[in-house]
Each structure stands twice: as C-alpha cells, then as structure tokens.
Amino acid sequence: MPVMGEVHTGLLQNSGEIEESACRQVLALTAGETVRVSRRPIVHAVSPDRLTGVDCRLPSATQSRVRGVGTVLSRCAITGGRVAQGSSYVRLTRAEADRRLPWSHYLARPGVVEVLGKAKARDLADGFADDPPPGCLDLGAISGRFLDLAQSSPLLDRRAPFKVPRTRLRWVAESGEPAIRFVLRSDRTRSVLVVHDGAFTPAVADLCEDLALHDWLLTTLLVLLERARIGAVPGPEAAARLAPAVDHLLHLWMPAARLGDAMAPYWESLDRRPGFSRQWQSLVDRVRDQVTVNTLALLSVTAEAGRRRR
Amino acid sequence: MLVFAISDKGGTGRSVTAMNVVYRHALQGNDACYLDYDLGSPTAGAIFGIGAAARGAREGGLHEYLRGYRAEPLRLDVWAESDREALRARPPGSGRLVLLPGSEGGGELSSVDEEVVRRCAQLFGRLDEEFDLCVVDLSAGRSFTAELVLQATARLAHVPFRWLVFHRWTRQHIIAADGLVTGADGLLDVAARFGHDPDELRDRIRFVRTAVLEPGAAELAGLRDEQRAWLSTCDDELRELARRHGVGRTAMLGRIPLDPVLQWREQLISDEDVLASKIANAETAAAFDDLARKIVDDSAWEGL
C-alpha cells in the first residue's frame, strides 16, 4: 500500500530571519519534547512529531467508499530561520479486522492508517493526487494547521518583508523500480511520485520536504522577479524591488543538504530534468546582474556629477 | 493589512466602493483580495462580473468554510474568471485580484461559536501572509458577522487591521455612522467586550463618504440660484453635524462623488469606462485610486 503526504511551505512571518534559539521556541509544540536542530550547511529545525487521529473516508480515484482509521504523523520545520513548513504523512496498510479497534491499537502505530474493506493501492494513490473531496482525509488541512501554529507564534512580529502565497506539495511513495516524477499542477500545488526500492523509510518524507522547500524558493524568486518588472520600470526601481530576494532568499538554496546517500539519486535526477538548480542559478544570476548593472549606472551618474563640480 | 468595510445603513454603496478600492489596489501593483462577508446577500460575484458566482458560490463559499464543511474557501481569480472584457486580462504590472465569494443561499450567521471564530482567525492569518490588502465586506448594521471579525482580530495580535465606515452625506447617515461606532452595542462597545482596547481601535477607524454631490459639481449647473444657496446651507449644516458626531474631515479617509454609473449599475469602474466609453467620471476613478493608496498609507492614519 502507498505512503502519502502533503507539505505546505511559506515565508516565516517575521521581518528578519530568526535565530536558532527562537526556532526552538517557535517549534516547541509539545511540552517536554525537544526540537531537533541541524546547523550545517544551514540551520534546520524540526518540531517533535505530533499525531492526529483520523477515522474517515479515503480519497479514491473511482469514488469508491473506502474507510481508513489510524493516525497522521505531522511536524513543522524552519529552514534558515526564514522558511516554515508544515508536513504530514500516512502509511496505508490493510486492516486485519473489519471494524475499528481500540485507539491504543492505532496509537502504537504512529503515522499508520489502516484501510478497512476492499481497496486497490493504485486507486487510493490516484485519488490522493487530486484535491480531496469534502469529508475525505485531507492531509493538506492538517499540514496547513501545523504551519499556522508556527506562523502564529507570539515570537514572530508578522512583518514579513514581502507577501507570497504558500505552496503545497502532495506526494505519494510506492515501492518498485526507483523513479521520481514532479508535476506543477497549479500555481500553488505540486505533486510528486517517488518510487523507492524496498520498504518505505522516513527518508522519503525528508526528501519530499526538501523538494517542497526548494520548489517554494524557486516559485517565490520567480514571483519577486515578475514583480520587479525589469525593463518596464526604471533600473533603480527594479533593483530596489529585487532587494528582498538578495536579503532573504538567495542564500537558502542547499538541495539535498540533509539527505542520505539513498535519496541523493532522486535529486540528481530532478536536477537533470526539469533542472531545478539550473533554473535557480539562472534566476540568481539575473538578480545579481540587475543589481550590478544598476550599481554601475549609479556610479557613472555620481562620477559625472563629480566631474561637473570640478 | 485587513480592512473591514461596514456601514450602518444599507444602500450606502459600501460594497461597490470596497470592490473598486480592491480593484484599484491590484492595478497599483499589489496583491489584493476581497472577502464577501455580507453573508445574507453574497452578490460580490456580480460586481466583479463573474456570472458563475453572481449570487454567491454554489460550492465552497465562505459560509461552508466558516461552518466547517470545507478545509478552505473557494477563491476566484478575477483576472481569469470575470466575464467583463475590460477585466479579463491582467494589466501589466498589476497584482493578483482574488474574490472569496459567499455561499449561494447561505444566510446571515445566527450565532458565533468558538469554532467559527477559530476558522475565521485562521483564514485572516493565512490571507495576510499572501495579500497586501484583504478587504472584508460586512453586512450593514450590527451583525454577528461584525462580532465574529472583532473576536477573530482580537486573537491575531500582530496582524494589522483597519475599519472603514461608509455613509452617505445626509443627516440620517451621519448620525447612524457615528452610532455604529460609538453607540450602545456599537463597534467600540462590542470590541471592548472581546478584549480590544477601544482607544486603540478608535484610531483604526475612518469614515468614507459615498455618493457625495460636490457644491461645484457639473450636475448642479441646471439648478436655480435659490436651490444652489439652499444646498450650500445644507452642506454647511451637515459639516457641522458631522463634526459634532466625530465623522468630520479629520476622521474621513475619502469621499466618492456621485456617479451615474454607480447609481444605475454597480460595477467596477475601469480606465476604459473613463477614457474610452466615457460613461464614468474621471473624478470617481481618481477617488477610488486615492482611497486605495490611503488605505495602506500610515500617514493618513495617524492618531486623531
């Protein structure tokens, strides 16, 4: 049976990036459990896992009524003190009984949702790729709420340097011949299919969070470049509009920074096609070139003014 | 920035003005959205020229979201969904323009419970993340919807918000606008109950006069001298009345002139309506443009 998840990514609602200690406080969602932080090559903090109990219909491509009972595993992460993510996933398994068992049974299997009755793995995976119909398991709603928890922290001043929509990345993992497929579904939604060798490991969820983070960076940089209106407005104005990208985004690109060797080939494949890092690099070059050209223009204006004074 | 649009009486032109302000704000290059919280009469779709949501959304409107039937309310991209030719293409340099419609046949809220407040606050928090301006159009008068947004904003400590009270330039409307803010069970009164500081809130409220007939307007050209003199006296009296009720010039953020287009067909006034077909007055478009700038301009909102 497949594993499925959804990651929501957004700009942390604070005027500047926050320090590691603040990350720890923002993500301390469960009393007594520690926030995990890795510092190299970029500060990345992850909240303790939290469980949400569910007993509801599962989305199905053929609209068949399939019931699932279990728990959804969720967490929040902050990268570079600047980008926040809410992430949830479930592992589907077939239930042994055809009725709901005591909750202790499900609590002992965190992140597992047991499927009651007949259901095809393909049908559930396909159903999950679309927007969930009302009343069905909606991992996006859970991830969105977790992201809200971080964003509404009293430690944040909510004066973010620019406004930008969250993106959502829906992923399905199956076992088989390793492959990855990344699809832009709308301006905010992406879907990813990961086919992995052997049994599912949480590293796949880490990979999807990493993909979501970098896809958000790309999407957001594209939005800022569009807003700069290079060529349509005077150079200094365009350069000024690109300043938030330089201040807050350009240093965050670290693909596969925390992923093990098993996940590296997936990133390499996406870097070959569609070419994430290639697009990022060309956008970064564009931003820097604009700033440079504008600096040169300003220098020559200043020099000209100086000559006239003499 | 969240901006709540309210009026004490119906027929002030609150909704059409609020929508034009959102439209102008988007044209000025900002991402703007409009939330139709006039839940009893969700007709914002008609003014944006979105036929499919002319009487509210058939599925996924704000009602269904607030009542918990939907994880997220429907969003309509006006640049993509409008049937009006002039709105169909997003002009270069403009921002996003999004409508969150009410639900068709939704009806006013009959009570406000904890869950509704939570969902409302969640929506406002999320929209504030991605839009420069979110205008929330509330039903006329004291309503559960107004109470709901006051409760929601009391929870969103760091999310900036402002209120615009719309009124026409008549005795009745001036007195009513003041009553809506300072009267018993008025905005300040209710807000204090939910933990807002009334003095602080007072500074976040400004008035907008609608359908104003300026003394020098072209429409007055055919009047007799006696009529003109009488109008001028009336205007002076209203100004004095407004001052006494705290609705005077200092508390006013904008005034929208009387425009035949708005009287006969509530619609967005595009530049084409002013320049090409010339059905709308340039002053009206300019007034919307001005209001769309002032709404986010802190210097226009310094303490009274």
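Residues numbered from 1 in each chain as written. Chains lettered and ligands numbered in written order. Predicted model: local features only at pLDDT ≥ 70, side-chain atom pairs only at ≥ 80, totals over all residues.

**Student:** How would you explain the overall build of chain A if you had to name every residue and give the values?
**Tutor:** Secondary structure assignment for chain A yields eight helices and 10 strands. In terms of its C-alpha atoms, chain A occupies a principal-axis envelope of roughly 90 × 40 × 35 Å. Here chain A, with 310 residues, has 40% of them falling under the buried criterion. Across chain A, contacts joining residues at least 24 apart in sequence account for 70% of those joining residues at least 6 apart. (Helix = DSSP H or I, 4+ residues; strand = E, 2+ residues; numbered from the N terminus. Buried ≥ 20, exposed ≤ 12 C-beta atoms within 10 Å, placed from the backbone. Contact = placed C-beta atoms within 7 Å.)

**Student:** Account for the interface of chain B and chain A, naming residues and giving values.
**Tutor:** With 15 residues of chain B at the interface, the matching set in chain A holds 18 residues. Residues that form the side of chain B that touches chain A fall into these classes: six nonpolar, four polar and five charged. (Nonpolar A, V, L, I, M, F, W, Y, C, P; charged D, E, K, R; others polar.)

**Student:** Any chance you could break down the nonpolar core for me, citing the residues and the numbers?
**Tutor:** B:Ala5, B:Met19, B:Val22, B:Val135, B:Val136 and B:Val165 are the most contacted members of the largest nonpolar core, which has 84 residues in total. When residues in this core are grouped by element, the largest group, eight residues, is from helix H1 (residues 14-27) of chain B. Apart from residues no more than four positions distant in its own chain, B:Val136 is found in contact with B:Leu2, B:Val3, B:Phe4, B:Ala5, B:Leu35, B:Tyr37 and B:Val149. Formed by 73 residues, the second largest nonpolar core is a distinct cluster that contains A:Met1, A:Val69, A:Ala125 and A:Val204. (Core = buried A, V, L, I, M, F, W, Y, C linked by C-beta atoms within 7 Å.)

**Student:** So what about the pairing of strand E6 (residues 83-94) of chain A? Which residues, and what values?
**Tutor:** All names here are of chain A. Counting buried positions along E6 yields 10 of 12 residues, so the element is predominantly enclosed. Sheet topology note: the strand E5 (residues 67-79)/E6 ladder contains seven bridges and is antiparallel. Paired with Cys76 across the strands is Gly86, a residue of E6. Between the antiparallel neighbours E5 and E6 lie three residues, among them Gly80 with a positive phi of about 60°. Pairing of E6 with strand E7 (residues 112-116) involves four bridges; the strand directions are parallel. Bridging across to E7, Thr93 finds its partner in Glu114. (Pairing = 2+ DSSP bridges.)

**Student:** If you had to explain helix H8 (residues 171-182) of chain B to someone new, which residues and values would you point to?
**Tutor:** Since the α-helix turns once every 3.6 residues, residues separated by three or four places project in the same direction. Residue and element names in this part refer to chain B. Taking 1.5 Å per residue, 12 residues should reach 16 Å; H8 reaches 17 Å between its end C-alpha atoms and fits that length. For H8, the complete set of buried residues consists of His173, Ile174, Ala176, Ala177, Asp178, Leu180 and Val181. Against strand E1 (2-7), strand E6 (161-168), helix H9 (187-193), strand E7 (205-212) and helix H11 (225-244) lie the buried residues of H8. (Expected span 1.5 Å × (residues − 1).)

**Student:** If you had to explain the packing of helix H5 (residues 202-228) of chain A against helix H6 (residues 235-248) of chain A to someone new, which residues and values would you point to?
**Tutor:** Residue and element names in this part refer to chain A. Viewed as axis vectors pointing N to C, H5 and H6 meet at an angle of 165°, and their least axial separation amounts to 8 Å. As judged from the angle between their axes, H5 and H6 are roughly antiparallel. In this structure, H5 meets H6 at a crossing whose hand is right-handed. Of the residues in H6, those in contact with Leu221, Leu224, Arg227 and Ala228 of H5 are Ala238, Arg241, Leu242, Pro244 and Ala245. (Axes fitted to C-alpha atoms, helices over the stretch in contact; angles between N-to-C directions. Parallel < 35°, antiparallel > 145°, perpendicular 65-115°, else oblique. Left-handed = near helix turned anticlockwise from the far one by under 90°.)

**Student:** Describe the environment of B:Lys278, with residues and values.
**Tutor:** Residues and elements named next belong to chain B. You can see Lys278 is positioned in the loop between helix H13 (271-275) and helix H14 (282-294). Overall, the presence of 10 C-beta atoms within 10 Å leaves Lys278 in the exposed class. Put simply, Lys278 and Ser41 are 237 residues apart on the chain and 30 Å apart in space, counted from C-alpha to C-alpha.

**Student:** Would you mind going over the confidence of the model for chain B in detail, with residue names and values included?
**Tutor:** Residue and element names in this part refer to chain B. Averaged over every residue, the pLDDT of chain B is 92; residues scoring 70 or more account for 100%. Per-element averaging of pLDDT across chain B places helix H12 (residues 260-264) at the bottom with 83 and strand E5 (residues 133-138) at the top with 98. Scoring of the predicted complex yields 0.94 for pTM and 0.93 for ipTM. (pLDDT = per-residue confidence, 0-100.)

**Student:** Can you explain unusual backbone geometry? Please cite residues and give values.
**Tutor:** All names here are of chain A. The omega angle of the peptide bond from Arg40 to Pro41 is 0°, so this bond is cis rather than trans. You can see Pro41 is positioned in the loop between strand E2 (36-38) and strand E3 (44-46). Residue Pro274 follows Arg273 across a cis peptide bond; omega there is 10°. By the element assignment, Pro274 lies in the loop between helix H7 (264-272) and helix H8 (276-309).

**Student:** I'd like a rundown of the sheet that holds strand E4 (residues 97-100) of chain B, residues and numbers included.
**Tutor:** All names here are of chain B. Pairing is mixed in the open sheet, where eight strands are placed in the order E3-E4-E2-E5-E1-E6-E7-E8. Each edge of the open sheet carries a strand with a single partner, namely strand E3 (76-77) and strand E8 (252-257). Bridge count between E1 and E6: six bridges; the pairing is parallel. In the strand pairing of E6, Val3 is matched with Arg162. In the packing of helix H7 (residues 144-155) onto the sheet, contacts are made with E1, strand E2 (32-37), E5 and E6, and the angle to E5 comes to roughly 145°. Where H8 meets the sheet, it contacts E1, E6 and E7, and its direction lies at approximately 155° from that of E6.

**Student:** Outline the domain arrangement of chain A, supporting the account with residue identities and numerical values.
**Tutor:** All names here are of chain A. In terms of domains, chain A is made up of domain 1 (3-200) and domain 2 (219-309). Computed from C-alpha coordinates alone, the two centres of domain 1 and domain 2 are separated by 30 Å. Counting residues at the interface gives 16 residues for domain 1, matched by 15 residues for domain 2. Residue composition of the side of domain 1 that touches domain 2, by class: 10 nonpolar, five polar and one charged. (Domains from an automatic or database assignment.)

**Student:** I'd like to hear about the environment of A:Thr9, residue by residue, with values.
**Tutor:** Residues and elements named next belong to chain A. Structurally, the position occupied by Thr9 is in strand E1 (residues 3-11). Put simply, Thr9 and Val83 are 74 residues apart on the chain and 7.1 Å apart in space, counted from C-alpha to C-alpha. For Thr9, the contacting residues outside a window of four places in its chain are Val83, Gln85, Arg166, Thr167, Ala212, Leu213 and Trp216.

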